[in-house]
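# Chain and residue survey
What follows is each chain in one-letter form.
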Amino acid sequence: GDEVGIEGREDKLVLRVLNMSHSAFAGLTFSRAFFGLYALRIDAGAVPSLSGLTCKCQVQLKACCPVFKLSTVAQVEKCVCTIDSLSKKVQFELFCKRGVRKRYSICFDDEGDSLEARYNTAMPARLVIQPKTLLDCLSNFHTTALDEL
């Protein structure tokens with residue numbers, strides 16, 4: 001897809017992407033415990049929801065790529081992400097080794113379409129994979145309990 005959805009909640013940070021045909025969806029949820037420090041600053045743009053206050057935005061994926069390119073990520077010691085719904089900007093501030101600071105400001109429009117896949121729930125989803133291929137995929141995850149599957 002062209003956009004990534006960023007949703008800040010009091011207890012977690014959620015990133016969502018959706019392909020162009022709205023048939024495939026990926027979401028990453030980072031709980032508060034993942035971060036060294038996680039704080040959701042509430043401003044006038046926060047939206048009340050069932051799970052507490054939420055701050056949402058969608059930014060162009062191409063605009064985010066320079067922030068998280070591999071050569072930069074290796075040098076990062078701390079990353080601060082700020083969503084300012086009043087000025088409609090997402091700011092990433094990277095604190096790198098040797099005192100280098102990089103700041104990226106990405107503009108966003110009002111929240112667009114919901115980043116959720118549209119599919120027929122009556123049609124079952126099924127994944128068929130060869131055992132060797134499954135083991136190759138699972139070897140990328142650092143776990144000692146492969147036999148739990």
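## Description of the overall build of the protein chain
Of regular secondary structure, the protein chain possesses three helices and eight strands. Reading the secondary structure of the protein chain in the N-to-C direction produces β-β-β-β-β-α-α-β-β-β-α. Counting contacts in the protein chain only where the partners sit at least 6 residues apart, residues at least 24 apart contribute 45% of the total. With the model as given, the accessible surface of the protein chain reaches about 11,200 Å², and the carbon-plus-sulfur share is 57%.

## Some remarks on the layout of surface pockets
Within this model, the largest pocket holds a volume of roughly 1,200 Å³. Lining the largest pocket are 35 residues, with Leu 13, Phe 35, Cys 79, Val 80 and Cys 81 positioned closest to its centre. For the lining of the largest pocket, the secondary-structure elements that each account for two or more residues are β1 (3–9), β2 (12–18), β3 (25–31), α1 (61–64), β6 (76–84) and β7 (89–96). Residue contributions to the lining of the largest pocket peak at seven residues, all from β6. Of the residues assigned to the lining of the largest pocket, the class counts are 28 nonpolar, three polar and four charged.

## Description of the confidence of the model for the protein chain
Looking at the protein chain, the pLDDT average stands at 76 and 72% of residues meet or exceed 70. Within the protein chain, strand β4 (residues 47–49) has the poorest average pLDDT of any element, 54, and strand β8 (residues 101–107) the best, 91. In the predicted structure, residues 145–149 sits below a pLDDT of 50 and forms three contacts with residues beyond four places in sequence or in another chain.

## Considering the pairing of β2
The pairing of β1 with β2 spans five bridges and is antiparallel. Considered in β2, the bridge of Glu 7 is made with Val 14. As defined by bridge partners, β2 adjoins β3 across seven bridges and the pair is classed as antiparallel. Paired with Leu 18 across the two strands is Phe 25, which belongs to β3. Taking the residues between adjacent antiparallel strands as the criterion, β2 and β3 are bridged by six residues, where His 22 takes a positive phi near 60 degrees.

Each value, and the rule that gives it
- Residues numbered from 1 in each chain as written.
- Predicted model: local features only at pLDDT ≥ 70, side-chain atom pairs only at ≥ 80, totals over all residues.
- Heavy atoms only, no water.
- Helix = DSSP H or I, 4+ residues; strand = E, 2+ residues; numbered from the N terminus.
- Contact = heavy atoms within 4.5 Å.
- Areas by Shrake-Rupley, 256 points an atom, 1.4 Å probe, with all protein chains shown as cover.
- 1 Å grid on protein atoms, 1.4 Å probe; cavity = no way out; pocket = protein on both sides within 12 Å on 5 of 7 lines; lining within 4 Å.
- Points joined across faces, edges and corners; volume = space filled by probe spheres on them.
- Nonpolar A, V, L, I, M, F, W, Y, C, P; charged D, E, K, R; others polar.
- pLDDT = per-residue confidence, 0-100.
- Pairing = 2+ DSSP bridges.

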